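Here's the letter readout for the chains.
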Amino acid sequence: MQQRPFRFGVQVNATGGSTAWTDLARRVEALGYSTMTMPDHFTDQLAPVPALQCAADATTTLRLGALVYDHDYKHPVVLAKELATMDVLSDGRVEIGLGAGWMVSDYEQSGIPYDPPGVRVGRMIEGLEVIKRSLGGEEFSFDGEHYTIADYRGRPAPVQTPPPVLIGGGGPRVLRFAAREADIVGINPTLTSGVIDASTFDSMTADAVADKVGIVTEAATTAGRLDAIELNIRAFLVAVTDHVAATLTELSQLSGAPEDVIAASPFALVGPPAKLVDELRARREQFGFSYVIVGQDDVDTFAPVVAELTGT
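Just so you know, these numbers come straight off a predicted model, no measurement behind them. (Residues numbered from 1 in each chain as written. Predicted model: local features only at pLDDT ≥ 70, side-chain atom pairs only at ≥ 80, totals over all residues. Heavy atoms only, no water.)

Considering the pattern of salt bridges
Going through the model one piece at a time under the given rule, you end up with 13 salt bridges. A salt bridge links Glu 82 to Lys 74, with the shortest nitrogen-to-oxygen separation between them at 3.8 Å. Residue Lys 74 is classed as partly exposed on the basis of its relative accessible area of 30%. A network of salt bridges, in which partner residues are shared, links Arg 7, Arg 63, Glu 95 and Glu 230. (Salt bridge = Lys/Arg side-chain N within 4 Å of Asp/Glu carboxyl O. Buried < 20%, exposed > 50% of the residue type's maximum accessible area, 1.4 Å probe, protein only.)

Considerations on the packing of aromatic side chains
Two descriptors summarise a pair of aromatic rings, namely the distance from one centre to the other and the angle between the planes of the rings. With the rule as written, the count across this model stands at 8 aromatic pairs. With a centroid separation of 5.7 Å and 70° between ring planes, the pair formed by Phe 8 and Phe 302 is classed as edge-to-face. Of this pair, Phe 8 sits in strand 1 (residues 7-11) while Phe 302 sits in the loop between strand 13 (289-295) and helix 12 (303-309), and the two are 294 residues apart along the sequence. Both residues of the pair, Phe 8 and Phe 302, belong to the buried class. On the numbers, 5.8 Å between centres and 35° between planes, the contact of Phe 287 with Phe 289 is tilted. A residue is classified by how much of its surface remains accessible, and Phe 289, at 3% relative accessible area, is buried. Above the ring of Tyr 114, the side-chain terminus of Arg 120 is found at 4.2 Å from the ring centroid. (Phe/Tyr/Trp six-rings, centres within 6.5 Å; stacked < 30°, edge-to-face > 60°. Helix = DSSP H or I, 4+ residues; strand = E, 2+ residues; numbered from the N terminus. Lys NZ or Arg CZ within 6 Å of the ring centre and 35° of its normal.)

Here's the deal with the pairing of strand 8 (residues 165-169)
By the criterion of burial, strand 8 is predominantly enclosed, with 5 of the 5 residues buried. Every second residue of strand 8 is oriented toward a common face, with Val 165, Ile 167 and Gly 169 on one face and Leu 166 and Gly 168 on the other, all of them buried. For strand 5 (residues 94-99) and strand 8, the ladder comprises 3 bridges, and the chain directions are parallel. Each residue of the ladder has a partner; that of Gly 97, found in strand 8, is Leu 166. You can see the chain leave strand 8, run along helix 6 (residues 172-181) and come back into strand 9 (residues 184-187), and the turn it takes is right-handed. (Pairing = 2+ DSSP bridges. Right-handed = clockwise from strand over helix to strand, strands pointing away.)

With respect to the side chain of Asn 232
Residue placement: Asn 232 occurs in strand 10 (residues 230-234). Polar side-chain contacts of Asn 232 include one of 3.1 Å to the backbone oxygen of Tyr 291. Beyond its immediate stretch of four places on either side in the chain, Asn 232 contacts Leu 166, Ile 184, Val 185, Gly 186, Ile 187, Phe 289, Tyr 291, Val 292 and Ile 293. (Polar contact = N/O pair within 3.5 Å; in protein donor to acceptor, adjacent residues only side chain to side chain. Contact = heavy atoms within 4.5 Å.)

With respect to the pairing of strand 7 (residues 148-152)
Relative to strand 7, strand 6 (residues 140-143) is paired through 3 bridges, and the arrangement is antiparallel. Bridge pairing in strand 7 links Phe 140 to Tyr 152. Between the antiparallel neighbours strand 6 and strand 7 lie 4 residues.

Things to note about the side chain of Thr 35
Positionally, Thr 35 belongs in strand 2 (residues 35-38). Accessibility expressed as a relative area gives 0% for Thr 35, which makes it buried. A polar contact is formed between the side chain of Thr 35 and the side chain of Tyr 291, at a distance of 2.7 Å. Residue contacts for Thr 35: discarding those within four places in its chain leaves Arg 7, Phe 8, Gly 9, Val 10, Val 28, Leu 62, Arg 63, Glu 95 and Tyr 291.

As structure tokens, this is what we get:
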């Protein structure tokens, strides 16, 4: 896999008003982050499409995307039109993040059917084809198991032709699909239980991540597009600190995972900036991760790492 230069993003879920939101977007941009992303849930967060457009209006270089849009929450033609509109209004700064949906409470609260994983994944696979063709500028029809599209031409046309697609996955089927179809492949924990539980942390070990990367590498090699893929990971356990041992103990108590397992996990970044710089370089060499996303609480403390590594 081709080694790519580092870039970094911030996953945000703020709920404040316009001033706080635009100030956050400008700070993320000023600190050198490449992207600002949002989750797509029915919990206490802003809705991603209008919020990301607001962030785009407040910035000039920051790229915007969801990590990830839950495919079940919007018909793919509707989502494609919204994404194309955002790409036009942001002068070509949209990244498309798409997932099959996992958080059972969203489905229970909204009344959207929580179909088995295979059905949700199959629907997302069809949906991505509809989205791509909607953004392609040509009239098309589509007759699938889940969607039927007749003589549709997506308008407006996006500035990017098309915007890059990120697909995040924790299971083999989604990872293989992402390797064949996505520009950016996100390596995720396994979330088949529909909640964050012990099985989630079991799937975040270095060995589990290596297995997932291996699935992507094999599928991308077979498809002849290994060098076309950017590998992404969302670091969930981030602590920029000199107190490494104490922090690992706290994280172990929180997650139930052993301290050494957390320390080795690519989903964790614990230590002072110099240590994190070395770890990220080593993990890029081992796993291929060049696009790393941290959380909203880490924007300022992680900024020295971003300054040191971006573009290298």
